[in-house]
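Listed below are the residues making up each chain.
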Amino acid sequence: MSNQALIDALNDDLAAEFQAVVMYTTYSAMVTGPYRPQLVTFMQAEIPDELGHAQFLADKIAALGGVPTKQPLAVPEAETPKEMLERILEAERKAVDNYTKRADQAKEAGQLGLAVQLEDMVVDETSHYEETKKLLEDWH
Ligand SMILES: [Fe+2]
Ligand SMILES: [Fe+2]
């Protein structure tokens, strides 16, 4: 993978991290129903993690000679708490897949420090995914 291809791929990841920040911020503002307090706490607790990921990616893209994107991916519409959690589950699943792939690509490019950091982000996103999955179990 060329340096430019790696920069482009990391910029796709950065756009997804910005999406996660916007998603958790707006969903937590909009979520209603009897579980609102728990869901607000749950969603807002993810924001510092995703912001940390975004800052790391932006720093790395600049260090590789690229320009960090300023555009988040569009946040999917969701009306009910269940729909919000399903959209979140899907986004976190994609994040796990993408960082798993990206860590391998970073290793191939000889960027071991980046690969290790990306693997650490796989750990974070896997825990986001699993917690969301547990929340959704037996939800009617
Ligand atoms: Fe993230
Ligand atoms: Fe996440």
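Our subject is the structure that appears above.
Residues numbered from 1 in each chain as written. Chains lettered and ligands numbered in written order. Predicted model: local features only at pLDDT ≥ 70, side-chain atom pairs only at ≥ 80, totals over all residues. Heavy atoms only, no water.

J.: Explanation requested: helix 4 (residues 112–136) in the structure shown.
T.: Because an α-helix packs 3.6 residues into every turn, residues spaced three or four apart end up facing the same way. If you check helix 4, its first and last C-alpha atoms are 36 Å apart, about what 25 residues at 1.5 Å a residue would give, namely 36 Å. Listed as buried for helix 4 are Leu114, Ala115, Leu118, Met121, Val122, Glu125, His128, Thr132 and Leu136. Where helix 4 is buried, its residues contact helix 1 (3–30), helix 2 (36–63) and helix 3 (81–108). (Helix = DSSP H or I, 4+ residues; strand = E, 2+ residues; numbered from the N terminus. Expected span 1.5 Å × (residues − 1). Buried < 20%, exposed > 50% of the residue type's maximum accessible area, 1.4 Å probe, protein only. Contact = heavy atoms within 4.5 Å.)

J.: Before we go on, may I ask you to explain unusual backbone geometry in this structure?
T.: Across the chain, the bulk of peptide bonds are trans and the bulk of non-glycine residues have phi less than zero. Of note in the backbone geometry, Asp138 takes a positive phi value of approximately 60° without being a glycine. When you line up the elements, Asp138 lands in the segment after helix 4. Taking relative accessible area as the criterion, Asp138 reaches 70% and is therefore assigned exposed.

J.: Would you mind going over the coordination of the iron ion (ligand 1) with me for this structure?
T.: Each angle at a metal carrying four tetrahedral donors should ideally be 109.5 degrees, and each at a metal carrying six octahedral donors should ideally be 90 or 180 degrees. Protein coordination of the iron ion (ligand 1) is provided by Glu17 (OE), Glu17 (OE), Glu50 (OE), His53 (ND1) and Glu125 (OE), with donor distances spanning 2.0 to 2.3 Å. Read in sequence order, the donor residues for the iron ion (ligand 1) give the motif E-x32-E-x2-H-x71-E. Separating the iron ion (ligand 1) and the iron ion (ligand 2) is a distance of 3.9 Å, and Glu50 donates to both of them. Of this pair, Glu17 sits in helix 1 while Glu50 sits in helix 2, and the two are 33 residues apart along the sequence. (Donors = N, O, S within 2.8 Å, 3.2 Å for Na, K, Ca; no water.)

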